Amino acid sequence: MIMVVNRTASAAENLKELIEFMDAPHVCTATPTGWREEVGDHRLEAVFIGPDLDDKDIHALVDDIGQMDPNIPIVMITDAQET
């Protein structure tokens, strides 16, 4: 499973559709607080973190994922308008 974590559902869905377009088998979206429920007992293959998470959410998410499996790739998405 590939997971997209973002607060804004529409942005998460857009990224999910793009990943699915590249023939990813199973992609889900989640919020920073609800990601564990989305993963359930699936094997997490990668995580995409959206640009609307604050530093506290990012650190907590990365720490939790690292405790689950330190080898899970994490991709940080940035806002193109940020400098």
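The structure we're discussing is the one just above.
This one's a predicted model, so the numbers in the text were calculated from it and none came from an experiment.

Formed by 15 residues in total, the largest nonpolar core has its most connected members in M3, V5, W35, L44, V47 and L61. Only β1 (2–5), β2 (27–30), α2 (35–39), β3 (46–49) and α3 (55–68) provide two or more residues apiece to this core. Counting residues per element, this core draws most heavily on α3, at three residues. The next biggest cluster of nonpolar side chains, apart from the first, holds nine residues, and it includes I2, V4, A46 and F48.

Another aspect to go through is α3. With 14 residues, α3 should reach 20 Å at 1.5 Å per residue; the first-to-last C-alpha distance of 20 Å fits that figure. Residues of α3 that are buried in the fold lie against β1, α2, β3 and β4 (74–76).

This part covers the pattern of salt bridges. Evaluated as defined, the whole model comprises three salt bridges. One salt bridge in this structure joins E20 and K16, with 3.8 Å as the shortest N-O distance. Here K16 and E20 lie together in helix α1 (residues 9–21), a separation of four residues that amounts to about one turn.

Attention now moves to the pairing of β3. Burial along β3 is two-sided: A46 and F48 and V47 and I49, pointing in opposite directions, are all buried. Strand direction decides the pairing type here: β1 and β3, joined by four bridges, are parallel. Considered in β3, the bridge of I2 is made with A46. Examined bridge by bridge, β3 and β4 share three bridges and lie parallel to one another.

This part takes up a nonpolar patch on the surface. Together, L18, F21 and M22 line one region of the surface with nonpolar side chains, adding up to about 380 Å² of accessible area. Examined against the element boundaries, F21 turns out to sit in helix α1. A relative accessible area of 68% places F21 in the exposed class.

Parameters and conventions
Residues numbered from 1 in each chain as written. Predicted model: local features only at pLDDT ≥ 70, side-chain atom pairs only at ≥ 80, totals over all residues. Heavy atoms only, no water. Core = buried A, V, L, I, M, F, W, Y, C linked by side-chain atoms within 4.5 Å. Buried < 20%, exposed > 50% of the residue type's maximum accessible area, 1.4 Å probe, protein only. Helix = DSSP H or I, 4+ residues; strand = E, 2+ residues; numbered from the N terminus. Expected span 1.5 Å × (residues − 1). Contact = heavy atoms within 4.5 Å. Salt bridge = Lys/Arg side-chain N within 4 Å of Asp/Glu carboxyl O. Pairing = 2+ DSSP bridges. Patch = residues over 30% accessible without salt bridge, like charges linked within 9 Å, V, L, I, M, F, W, Y side chains within 5 Å. Areas by Shrake-Rupley, 256 points an atom, 1.4 Å probe, with all protein chains shown as cover.

Note that every value here comes from positions in space, so none of it alone points to a role or purpose.
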